[in-house]
Every structure is written in structure tokens, then in C-alpha cells.
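Observations on chain architecture
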Amino acid sequence: MIWNLANFKHHRLSFLRHRPYMVSSEVDFKQTSEEKGVLQVTGYLRGGDLDANMLIHIPVLGHYPLDRITTAADPMRHKNEMFEDSILSERDLEHCQNPDMECPIDEMDGEQTWPTEEELMEAENEKKSRRKVPKGTSSYQAVWMMSDDEDDEDEDDEDVDAMSDGSEESGEEFEEVESESVSGITEPDYDLHFDEETELAELKKFREANDHEAFPDELDTPLDTPARVRFQKYRGLKSFRTSPWDAKENLPLDYARISQLENFNNIRKFIVKSHVTKEKPVKKGAYISLYIADVPLSIINSECTAMTVFGLFPYEQKMSVQHSVVQRHSQCDLVVKGKEQILAQVGFRRYLVRPIYSQHTKSNKHKLERFMPKTGSFVASYYAPITLTPSPVILFKVEEDGSVTLLSTGSTLSSDPDRVICKRAVLSGHPLKINKRTATVRYLFHNREDIAYFRPLEVRTKHGRRGHIKEALGTHGHCKIGFDGPLHQNDTIIMCLYKRVFPKWDFQFQ
């Protein structure tokens, strides 16, 4: 055992390799106003060099600016060595990092303005297009031929909107029934802390997870609401992998509060490299005192004698959409729905978030997972401060009594608000009559107007056939669909609709 300890190779954590941090040996607080003060933390600087213009993160409390860095009396110095108290670095208000996490919201930023003459000229030039026409065609005839072709393209490329979060499954009613135990003996305190409402909510969530696992993303077309209204925020895609999707359209208001790095990987490498190569006034290994400004008085514990503080790289205090690749823990069997409150430990920072889960693929669009997957790797997306260095991620479930349960572990992926996560809704119908490649389908819709609204979309079957709606039959939702091959009677016709979803804003340091 001693031999193993002596020859054990120490592996440094990647997110602390070049990051300055300090384990304090002395902590002192001086009040400067009614609500704030200056926190003095003394100890050995480790990891990397430090500058007073950097921000300091205190776990659980948050990040704060440095006022100055001074030398401190090293307790391990030689007794004959003289000590001189001096200021190593002071904050420069022009070059220091801004501690604000969120961007100010400009509600008039999206307002439309009158186009300039240059923009009008560019629009006129974009309208002019060249197209092949038969020889001898006059310019007047060519204009009509081109407009007819554009009308045909518009009819074929109609978009489908569709809806928001509404109730997707109807609520179930439960009846209280008195029952007797088989043995006739019950523990008197077993039901003392039993919460019936919580138990019913967990039962409903458990049934939803089982239904989603058996029939992924399948929804029943509502009878009381038109499908064109119920799914007005959804759209159809020819191919989920190759069809385009603009990442800047229909963004929520929370996106005005976050920051985005144009090229995350390149900026991350540049910042870390510049921090390593640039000369800093305070070298690692020095015994120093950090004076952290603007620390609230309410969060300082007078009995606190030790804490760990970390330096932040540029932009790491800004809020963005953080993505982490995680995998479910083998001993965790809890049902976790998307947007439930989760405690995330990301590197040296810990906070409460409400993530959404999606598939880990290389496509430009990623399908939403309504519940945390039980197997394989997946991506958890949530609003959180930017993390530049690769860091470990641990997700916990916070119980009502304050205890935590380990859910999944993984590592950070990127900070990218442009990652498109799509929620899929699958509408299903069944063939009533089949005539070779044509079938009369029911239960896909329940009125004639919905059939006309969704007619441009392609439908397919679970056995691989593809087709289009030809016409509506009657007024009760029956329609005639033509397929690319013969159809079987036991086949199911489905129509896939997609909607982009975003995490829920609920961030708090823990």
C-alpha cells in the first residue's frame, strides 16, 4: 500500500490546469456600507497566474470583482527573511471584466424600420432571376411563364405552423378505495408521512414515461380542438436530417438576456492560450491576499475560516445556453421529466437549472427527449454561465426534504444558443379501405378543414411507405392518400410535425 501511494501518478484536473485558484488559510471581512463589504482571502496561489482585472468566483456565493492583490507574510518563510507589504496589482476600471451576468433587454430591438434606398435596390436585384424559356418567347410572355412557375412552387412548399405547450394527455381521475392487507398486520407509522397528491403526480409521470417509451412522440388528434390550431406552432419537414431550419427565427425573450460566442472552440483556445502566454503581475505559488469587493453582508459567515476561490477567464461570467453530454447513472431509476429542477455541478460551480434533454448526434437538428433517457449518452441543455475549459458535470435530483440523488454524470460540450432542439409530434391514422396504392384513412384528422391545412405535408407508414393526401372524403376527417407502393391492412399511417423548444430560465447559485 505504501509503495502504491509513493508511485501513484497525480493527474491534474483539466479545468484547473491553467486556472488560478486558492485554498484560503485566513479569511477576513470588512464592512464598507450597509449591505456590502470587502472580503480578504489569504493563501497560496495555485493553478495559474492572476491579475486584479479578473473576476473571482466563490462557490455557492457567486462571482465578484477584485479590488487589489497584496503580498502577505508567508508562514513558511525563513526566520531571517524580511517581509515587505506591497500591492502587486490593482483593478483598472477601463480594462477589468464586467461582473454583469445578463445583457440588458431592448424591447424595441426587433421593431421593423423603413428600408433605405440601398436595401430597396438590393431587394429589386434579388427579385430578378434567369430562367430558360422556349426560343422566340417575348419578354412579356417570359414574365408570365416565370410567375406561373413561382406560384406552383409556392403551392408545393407551403409551411405548416402548429402549437405550443398545451395539455397533451387528458388527466386521469383516481378513486379512493379502502383495502385490507393480506396479512392483516400494518405498521402504525407507515402512512404518517404519506402525501397522496405527490404519489398521484408521480404515478401520472410514471405512466407518461411508459407510454412515451412504448409509443414515442405519438399524440391523439384532439376531438374538441382543430388540429390546425392545436399544432399551429409546429411544421413539417421533408427530411429531419437535411431540411433547413433557421436558428435565429422565433427566439424567446430570454435570448435577449444571454451572450453568444461566434466561434466557441476558436475563442476558447485563444483565451486560454493568451492567458498562459501573457505576463501576469501575480505568479502562481505566491502567498498573497485577495481583496474581493462588493461582497454582500448577508452571505458572510463570521465563523468561516476557510474557503476556495477561483479566477474566471473572460466571458465566463456571462449567461448563455450551456450543453453537456451526460449518461444516466446505473443505479438511478427515477423518472425525470424535461424542465424539472436539477442541481448541476459543473466544474467548480454549482447551480439550480431546468434542463431539456436531446439526442447526441452530429446533425444540425436534434430531437427532444421528453424524459431523461435511461440508456446511452444524451445532451442536457440549460441556461448557465459560459464554461470555456472542459469540465466534469454531475446532475442531482433535489428532494423535498433537502436530500439529493445522483442522476447522471458527464462533461461539458459547448455554449451554443444556436443548437436547434426540436420536439416531435406524431399523428397517426388507420386505413379503412385499400385499393392497391390508394387508401382511405381515418382517425388522422376529424374535420375537412384540417385535411386541407395539412395537405402539403408528406405522410408515411410504419412499414416504410410514403405518400401524399389526395382529397378529403366527407366532413368527418376521412381522406384519400396515395402511396408509393401497395399498403398492408395492419399498417399505420403517421404524420410527423416538429417545433423548436428552449430551456426554462431558472438559474440560482447553490
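Attention in this report is confined to the structure presented alongside it. What you see is a predicted model; the values in this text were computed from it and never measured.

Let us look at the overall build of the protein. Within the protein, the secondary structure is distributed over 7 helices and 23 strands. Relative to its 510 residues, the protein shows a buried fraction of 39%. Long-range contacts, defined here as pairs at least 24 residues apart, represent 75% of the contacts in the protein between residues at least 6 apart. A total of about 31900 Å² of accessible surface is found on the protein, and carbon and sulfur atoms cover 49% of it.

Moving on, we get to the side chain of Thr42. Within the element layout of this structure, Thr42 appears in strand S2 (residues 36–46). A polar side-chain atom of Thr42 sits 2.9 Å from a polar atom in the side chain of Ser289. Here Thr42 is in contact with Met22, Ser24, Ser25, Glu26, Ala72, Tyr287, Ile288 and Ser289, once residues within four sequence places are set aside.

Moving on to a negative patch on the surface. Taken together, the side chains of Asp195, Glu196, Glu197, Glu199, Glu400 and Asp401 make up a negatively charged region of the molecular surface. If you trace the backbone, Asp401 turns up in the loop between strand S15 (392–398) and strand S16 (404–415).

A positive phi angle is found at Val60, which is not glycine, with a value near 80°. Within the secondary structure, Val60 is located in the loop between strand S3 (55–58) and strand S4 (62–71). Backbone geometry at Lys436 places phi at a positive 55°, although glycine is not the residue there. Mapped onto the fold, Lys436 is located in the loop between strand S17 (420–435) and strand S18 (438–442).

This paragraph deals with the pairing of S18. Sheet topology note: the S17/S18 ladder contains 5 bridges and is antiparallel. Residue pairing in the sheet places Lys433 in a bridge with Thr440 of S18. Here S17 folds back onto S18 in antiparallel fashion, the turn holding 2 residues, of which Lys436 has a positive phi close to 55°. Across 4 bridges, S18 lies against strand S21 (residues 478–483) in antiparallel orientation. What sits directly across from Thr438, in S21, is Gly482.

Tallied over the entire structure, the rule returns 16 aromatic pairs. Pairing Tyr383 with Trp505 gives two aromatic rings, centres 4.9 Å apart and planes at 40°, and the pair type is tilted. Separated by 122 residues along the polypeptide, Tyr383 in strand S14 (residues 377–385) and Trp505 in strand S23 (residues 504–509) bring together distant segments of the chain. As far as burial versus exposure is concerned, Tyr383 and Trp505 are alike and both buried. With centroids separated by 5.0 Å and ring planes inclined at 80°, the aromatic side chains of Phe507 and Phe509 adopt a geometry described as edge-to-face. An identical accessibility class is assigned to Phe507 and Phe509; each is buried. Positioned above the aromatic ring of Tyr291 is the side chain of Arg68, whose terminal nitrogen or guanidinium carbon lies 3.9 Å from the ring centre. Above the plane of the ring of Trp505 lies Arg257, whose end atom (NZ or CZ) is 3.8 Å from the centre.

In this section: the nonpolar core. Residues Tyr351, Tyr382, Tyr383 and Leu395 are the most contacted members of the largest nonpolar core, which totals 26 residues. Every element with two or more residues in this core is listed here: strand S9 (319–328), strand S10 (342–346), strand S11 (349–354), S14, S15 and S23. Sorting elements by how many residues they give to this core places S14 first, with 5 residues. Aside from chain neighbours lying at most four places away, what touches Leu395 is Val326, Ile342, Leu343, Ala344, Ala380, Thr405, Leu406, Leu407 and Ser408. Judged by nonpolar contacts, the second largest core, of 23 residues, contains Ala425, Ala439, Leu444 and Phe483.

Under the defined criterion, the tally for this structure stands at 18 salt bridges. Between Glu316 and Arg19 there is a salt bridge, with its nearest N and O atoms 2.7 Å apart. A residue pair is termed long-range when its members are at least 10 positions apart, and Glu316 in the loop between strand S8 (308–312) and S9 and Arg19 in the loop between helix H1 (2–6) and strand S1 (21–31) qualify at 297 residues. We note a salt bridge from Arg257 to Glu102, for which the minimum N-O separation is 3.1 Å. Taken together, the residues Arg257 in the loop between helix H5 (227–230) and helix H6 (264–277) and Glu102 in the loop between strand S5 (87–90) and helix H2 (117–127) connect sequence positions 155 residues apart. What makes Glu102 partly exposed here is its relative accessible area of 36%.

On to the environment of Arg68. Locating Arg68 in the fold gives a position in strand S4. Arg68 has contacts with Ile87, Ser89, Glu90, Ser289, Leu290 and Tyr291, leaving out every residue within four places of it along the chain. A distance of 2.7 Å separates the side chain of Arg68 from the side chain of Asp67, its partner in a polar contact.

Turning next to the environment of Phe206. In this structure, Phe206 sits in helix H4 (residues 196–214). The class of Phe206 is partly exposed, set by a relative accessible area of 42%. With 129 residues separating them along the chain, Phe206 and Val335 place their C-alpha atoms 6.5 Å apart.

Procedures and definitions
- Residues numbered from 1 in each chain as written.
- Predicted model: local features only at pLDDT ≥ 70, side-chain atom pairs only at ≥ 80, totals over all residues.
- Heavy atoms only, no water.
- Helix = DSSP H or I, 4+ residues; strand = E, 2+ residues; numbered from the N terminus.
- Buried < 20%, exposed > 50% of the residue type's maximum accessible area, 1.4 Å probe, protein only.
- Contact = heavy atoms within 4.5 Å.
- Areas by Shrake-Rupley, 256 points an atom, 1.4 Å probe, with all protein chains shown as cover.
- Polar contact = N/O pair within 3.5 Å; in protein donor to acceptor, adjacent residues only side chain to side chain.
- Patch = residues over 30% accessible without salt bridge, like charges linked within 9 Å, V, L, I, M, F, W, Y side chains within 5 Å.
- Salt bridge = Lys/Arg side-chain N within 4 Å of Asp/Glu carboxyl O.
- Lys, Arg positive; Asp, Glu negative; His and termini not counted.
- Charge placed at Lys NZ, Arg CZ, Asp CG, Glu CD.
- Pairing = 2+ DSSP bridges.
- Phe/Tyr/Trp six-rings, centres within 6.5 Å; stacked < 30°, edge-to-face > 60°.
- Lys NZ or Arg CZ within 6 Å of the ring centre and 35° of its normal.
- Core = buried A, V, L, I, M, F, W, Y, C linked by side-chain atoms within 4.5 Å.

Purely spatial values, then, with no claim about function.
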